[in-house]
Amino acid sequence: MRLIFLGPPGAGKGTLAVRCKDLLKTPHISTGAIFRDAIAAKSPLGLKVKSIIDAGKLVDDETTIALIKERLSQEDAQKGYILDGFPRTIAQAEALETFSTVDKVINFDIPDSGVIERLSGRRVCRKCGYNFHTVFNKPKKEDECDFCGGEVYTRDDDKPSAVEKRLEVYREQTQPLIDFYRKKGLLVDIDASPMVDEILVGFKKAIGI
Ligand code: AP5
Ligand code: MG
């Protein structure tokens, strides 16, 4: 199944994707994670996007589209994928239509208060990317990942000023995709406010598995 996870920052897209990628037997492709890996590796892409991401702005469409086009051409994405964080603009959605067809777009519905609560407590493993939370999902040791022992840190773009910017950018550039995909009959709304086990039940029902 080819799925898009659409929603504001901190809605829980990455958390749900990690919980269901084995079930769906498809790769979880997060543009944000690809950019963060590039930043950590200090690659040319990483050096280009670091200040943009830290400020909560969007990377340019041309760079992002080329990245996803190449990623979706790889062997493991031929039977399906979960696209987490792409597309994020109408231009990206239109470009995607030229190289892939999508089965469903999952719209994570959550109020701003929920987003802020989740982002202000998020802690991420630098090595495997697992998302912890200081209240909802604490690592057993404060600064160490339960799964790979990597360092657990706070993302630079989770600082309050960047979060505000990300929400503004989401409203202006990404929210219009809700109507774009609803008109195509692809949109499925899910309530993203409950805990992840409950969301998973609603998600499975929504996609018919
Ligand atoms: P990206 O990494 O995609 O960030 P985002 O969309 O802002 O989304 P997040 O990763 O912040 O949130 P999420 O929905 O995955 O929530 P999570 O599961 O972590 O992008 C980062 C940046 O890269 C962008 O700002 C942009 O600059 C650039 N970029 C990326 N894609 C781009 C594109 N297509 N075009 C241009 N630029 C692009 O959950 C959040 C927290 O809540 C965690 O701590 C988690 O433990 C907790 N939590 C999650 N679910 C629950 C739950 N159900 N109950 C309780 N706690 C929960
Ligand atoms: Mg994420």
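Quick caveat: nothing in here was measured; it's all calculated off a predicted structure.

Q: Can you lay out the sheet that holds strand 8 (residues 187–191) for me, pointing to particular residues and giving the numbers?
A: On the basis of which strands lie adjacent, the open sheet formed by five strands has the order 2-3-1-4-8 and parallel pairing. Two strands bound the open sheet, and with one partner strand each, they are strand 2 (28–30) and strand 8. Each neighbouring strand pair of the sheet contributes to a mean axis angle of 25°, computed without reference to strand direction. As paired elements, strand 4 (residues 104–109) and strand 8 share five bridges and run parallel to each other. Bridge assignment links V105 to a residue of strand 8, and that residue is L187. In this fold helix 2 (residues 31–40) packs onto strand 2 and strand 3 (81–84), with an angle of close to 65° to the strand it touches most, strand 2.

Q: So what about the site of ligand 1? Which residues, and what values?
A: Around ligand 1 sit 34 residues, and of these T15, K57, R88, R122 and R166 come closest. One nitrogen or oxygen atom from the main chain of K57 is found 2.5 Å from an oxygen atom belonging to ligand 1. A distance of 2.6 Å separates an oxygen atom of ligand 1 from a polar backbone atom of F132. Computed on the free molecule, ligand 1 has an accessible area of 1000 Å², of which 97% lies beneath the protein chains in the complex. Listing elements by their share of the shell around ligand 1, those giving two or more residues are helix 1 (13–24), helix 2, helix 6 (112–120), strand 6 (131–133) and helix 9 (196–207).

Q: Tell me what's going on with a nonpolar patch on the surface, and back it up with residues and numbers.
A: Taken together, the side chains of M1, L23 and I209 make up a nonpolar region of the molecular surface, amounting to roughly 260 Å² of accessible area. Positionally, M1 belongs in the segment before strand 1 (2–6).

Q: A description of the sheet that holds strand 6 should follow, citing residues and the corresponding values.
A: In space, the three strands of this open sheet follow the order 6-5-7, with antiparallel pairing throughout. Sheet topology places strand 6 and strand 7 (152–153) at the edges, where each strand pairs with a single neighbour. In terms of strand pairing, strand 5 (residues 122–125) meets strand 6 through three bridges, oriented antiparallel. Its bridge partner being in strand 6, V124 is matched across the sheet by N131.

Q: So what's going on with the side chain of T174? Residues and values would help.
A: Structurally, T174 is set in helix 7 (residues 160–174). When its relative accessible area of 4% is taken as the criterion, T174 is described as buried. Engagement of the side chain of T174 in a polar contact is seen with the backbone oxygen of R88, the distance being 2.8 Å. Ignoring anything within four residues of it in the chain, the contact list for T174 reads L6, R88 and V169.

Q: Tell me about the pattern of salt bridges, and name the residues and values.
A: Where charged atoms from two side chains of opposite charge approach closely, those side chains can pair. The full count for this structure, using the stated rule, is 17 salt bridges. D103 is paired through a salt bridge with R2; the nearest N and O atoms lie 3.7 Å apart. With D103 in the loop between helix 5 (90–99) and strand 4 and R2 in strand 1, the pair connects residues that are 101 residues apart, well separated along the chain. Classification of D103 as partly exposed rests on a relative accessible area of 33%. It is possible to trace a salt-bridge network through shared partners that takes in R122, R155, D157, D158 and R166.

Parameters and conventions
- Residues numbered from 1 in each chain as written.
- Chains lettered and ligands numbered in written order.
- Predicted model: local features only at pLDDT ≥ 70, side-chain atom pairs only at ≥ 80, totals over all residues.
- Heavy atoms only, no water.
- Pairing = 2+ DSSP bridges.
- Helix = DSSP H or I, 4+ residues; strand = E, 2+ residues; numbered from the N terminus.
- Axes fitted to C-alpha atoms, helices over the stretch in contact; angles between N-to-C directions.
- Contact = heavy atoms within 4.5 Å.
- Near = heavy atom within 4 Å.
- Polar contact = N/O pair within 3.5 Å; in protein donor to acceptor, adjacent residues only side chain to side chain.
- Areas by Shrake-Rupley, 256 points an atom, 1.4 Å probe, with all protein chains shown as cover.
- Patch = residues over 30% accessible without salt bridge, like charges linked within 9 Å, V, L, I, M, F, W, Y side chains within 5 Å.
- Salt bridge = Lys/Arg side-chain N within 4 Å of Asp/Glu carboxyl O.
- Buried < 20%, exposed > 50% of the residue type's maximum accessible area, 1.4 Å probe, protein only.

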